[in-house]
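# Structural description and commentary
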Amino acid sequence: MTAEPTTRVISANANAIAQAAHCLAAGGLVAFPTETVYGLGADATDATAIARLYAAKGRPAFNPLIAHVADSTAARALAVFDAAAERLAAAFWPGPLTLVLRKRSDCPVAELATAGLDTIAVRAPDHPIAREILRAFGKPIVAPSANRSGHVSPTTAAHVLADLRGRIDLIVDGGPTPVGVESTIVACLEGRALLLRPGGLPRADIERVLGSPLAVAPIPPGSEADVPLAPGMLASHYAPKARLRLDAANVQAGEALLAFGPMPPANAERATRVLNLSTGGDLVEAAANLFSHLRALDGAGAAVIAVMPVPHEGLGEAINDRLARAAAPRD
Ligand code: TXA
Ligand code: MG
């Protein structure tokens, strides 16, 4: 176990911006204000930093994260804009609108941040401090709301500190956030626009720009996520082509192996390909590698991927949640 960081709170000034950018570049976790709520930022291209971010939030599942960018030019390096997305970004960015778009194949954001999905949520926030941090850092920043899992989104630095003291490196205090509720999330995929989460940008404003009513995706009953699943348009979780055989104690002929820890399973030599989530058994490293390793093994064409057991502690709970979903039968 690494020692928990001491959380520093600094008020927003030029020096704070430089410290925030420096901390992010070193793989640290930085809470900062956006116009909606405080976000907990990490380098969007650093899977290990993102794994630590999930651990700090204490979330038992990997919910995909919003990639924050300085402007729509930066967003275009991550995602494919259809006509509706172009119109909405031109009208409302920077602002409290998140667009869920098809991820570009050369998107530099870590697979873990998008939970292995082919889509990505992007937003250009409209807050001077968030904008300055994005400009100073020069890369996309993933940032969920800076609260512990199951708590409400923070609108002051004091809320962030109450939830995350000792779990993150830095809080940039920029006073209360002006909007106070999270961004509105709209998916623009396959030429259709769909409201996924109501938020700081009123739906009527969006409909005025689109010139048509916005379809609303229903939130599935019993779902713990705050965004819904739209049939045919959005996958709710990563689903490989291969079948996953979980808690594998051995390898059968023709299987690829997703290993964990230093001890190989029985008949490991039978594996057509092997990737190890973490040879040292480190769950943060395992989380950082989870989706990219699954994709690599799936892409290599194995019909079955044997997955060694992953302990249920710490990030292991979220890893096992995602493995179970990826293993679920589907049609
Ligand atoms: O105002 C906000 O949006 C704040 C500030 C910090 O920007 N952020 C925020 O992030 O509320 P978070 O992680 O608490 O909520 C983002 C929501 C999650 O419910 C997540 O499931 C959804 O966005 N989301 C992210 N990527 C998605 C995707 N590819 N498809 C569908 N939903 C996605
Ligand atoms: Mg949240």
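About the cut-offs
Residues numbered from 1 in each chain as written. Chains lettered and ligands numbered in written order. Predicted model: local features only at pLDDT ≥ 70, side-chain atom pairs only at ≥ 80, totals over all residues. Heavy atoms only, no water. Helix = DSSP H or I, 4+ residues; strand = E, 2+ residues; numbered from the N terminus. Rg over C-alpha atoms; globule rule 2.2 N^0.38 Å. Buried < 20%, exposed > 50% of the residue type's maximum accessible area, 1.4 Å probe, protein only. Contact = heavy atoms within 4.5 Å. Areas by Shrake-Rupley, 256 points an atom, 1.4 Å probe, with all protein chains shown as cover. Phe/Tyr/Trp six-rings, centres within 6.5 Å; stacked < 30°, edge-to-face > 60°. Lys NZ or Arg CZ within 6 Å of the ring centre and 35° of its normal. Polar contact = N/O pair within 3.5 Å; in protein donor to acceptor, adjacent residues only side chain to side chain. Pairing = 2+ DSSP bridges. Axes fitted to C-alpha atoms, helices over the stretch in contact; angles between N-to-C directions. Domains from an automatic or database assignment. Buried area = accessible area lost by both parts, 1.4 Å probe. Salt bridge = Lys/Arg side-chain N within 4 Å of Asp/Glu carboxyl O. Nonpolar A, V, L, I, M, F, W, Y, C, P; charged D, E, K, R; others polar.

Below, the discussion takes up the overall build of the protein. When helices and strands are tallied, the protein shows nine helices and 16 strands. Here the C-alpha atoms of the protein give a radius of gyration of 20 Å, agreeing with the 20 Å that 2.2 N^0.38 yields for 331 residues. In terms of overall dimensions, the protein has C-alpha extents of about 60 × 50 × 35 Å along its principal axes. In the protein, which comprises 331 residues, the share counted as buried stands at 52%. Taking the intrachain contacts of the protein between residues at least 6 apart in sequence as the baseline, contacts between residues at least 24 apart amount to 66%. Summing over all exposed atoms, the protein offers an accessible surface of approximately 14,100 Å²; the carbon and sulfur share of this is 54%.

Moving on to the packing of aromatic side chains. Counting across every chain of the model gives four aromatic pairs. Plain terms: the ring middles of tyrosine 54 and phenylalanine 62 are 4.7 Å apart, the flat faces sit at 70° to each other, and that makes the pair edge-to-face. Residue classification places tyrosine 54 among the buried residues on the basis of a relative accessible area of 2%. Ring geometry for phenylalanine 81 and tryptophan 93: centres 6.1 Å apart, planes at 85°, overall edge-to-face. Of the two residues, phenylalanine 81 sits in the loop between strand S5 (79–80) and helix H4 (83–92) while tryptophan 93 sits in the loop between H4 and strand S6 (97–103), which places them twelve residues apart along the sequence. Take tryptophan 93: its relative accessible area is 11%, and that puts it in the buried class. Taken together, the aromatic side chains of Tyr54, Phe62, Tyr238 and Phe291 make up a single cluster linked through ring pairs. A cation sits over an aromatic face here: arginine 76 above phenylalanine 81, 5.1 Å from the ring centre.

This paragraph deals with the side chain of threonine 114. With respect to the helices, strands and loops of the structure, threonine 114 is situated in the loop between S6 and strand S7 (119–123). Within the structure, threonine 114 has its side chain in polar contact with the side chain of lysine 103 (distance 2.8 Å). Apart from the residues lying within four places of it in its own chain, the contact partners of threonine 114 are Pro64, Lys103, Val109, Thr119 and Ile120.

For the rest of this paragraph, the subject is the sheet that holds strand S16 (residues 304–307). Taken together, the four strands give an open sheet; going across it, the order is S13-S16-S14-S15, and neighbouring strands pair in parallel fashion. Lying at the two open borders of the sheet, with one neighbouring strand each, are strand S13 (243–245) and strand S15 (274–276). With strand direction ignored, the average angle separating the axes of adjacent strands in the sheet is 20°. Two elements, strand S14 (residues 256–259) and S16, share three bridges in a ladder whose sense is parallel. Bridge pairing links alanine 256 to isoleucine 305 in S16.

All right, on to the domain arrangement of the protein then. By the assigned domains, the protein splits into domain 1 (8–233) and domain 2 (243–327). Centre-to-centre, using C-alpha coordinates, domain 1 lies 29 Å away from domain 2. Listed as interface residues are 17 residues of domain 1 and, on the opposing side, 13 residues of domain 2. Contact between domain 1 and domain 2 buries roughly 1,200 Å² in total, counting both sides, with carbon and sulfur atoms accounting for 68%. Contact with domain 2 buries area across many residues of domain 1, yet Pro60, Phe62 and Glu111 alone supply 43% of it, more than any other trio. Inspection of the domain 1/domain 2 interface yields two salt bridges. Where arginine 295 meets aspartate 118, a salt bridge forms, and the shortest distance between an N and an O atom there is 3.0 Å. On inspection of domain 1 and its partner domain 2, the count reaches four residue pairs in polar contact (both at pLDDT 80 or more). The residue inventory of the side of domain 1 that touches domain 2, partitioned by class, reads eleven nonpolar, two polar and four charged.

The subject of this paragraph is the environment of glycine 166. Along the chain, glycine 166 falls in the loop between helix H6 (157–164) and strand S9 (170–173). On the accessibility criterion, glycine 166 (15% relative accessible area) is buried. Spatially, the C-alpha atoms of glycine 166 and threonine 6 are 5.1 Å apart, while their sequence positions differ by 160 residues.

Let's shift gears to the pattern of salt bridges. One pass over the structure, following the stated rule, counts 13 salt bridges. Here glutamate 86 makes a salt bridge to arginine 76, at a shortest N to O gap of 2.6 Å. Within this pair, whereas glutamate 86 is found in helix H4, its partner arginine 76 is found in helix H3 (residues 72–76), the two being separated by ten residues in sequence. Residue class for glutamate 86 comes out partly exposed when judged on its relative accessible area of 30%. Assessed through its relative accessible area of 32%, arginine 76 is described here as partly exposed. Among the charged side chains, a network of salt bridges with common partners joins Lys103, Glu111, Asp118 and Arg295.

Turning our eyes to something else, we now look at the pairing of strand S2 (residues 30–33). For a regular strand, side chains alternate in direction, first toward one face of the sheet and then toward the other. Judged by which residues are buried, S2 turns out to be covered on both faces: Val30 and Phe32 on one side and Ala31 and Pro33 on the other are all buried. Strand direction decides the pairing type here: S2 and strand S3 (residues 38–43), joined by four bridges, are antiparallel. Its bridge partner being in S3, phenylalanine 32 is matched across the sheet by glycine 39. Hairpin geometry of S2 and S3 is characterised by an intervening segment of four residues between the two adjacent antiparallel strands. Relative to S9, S2 runs parallel, the two being bridged by two bridges. Paired with valine 30 across the bridge in S9 is leucine 170.

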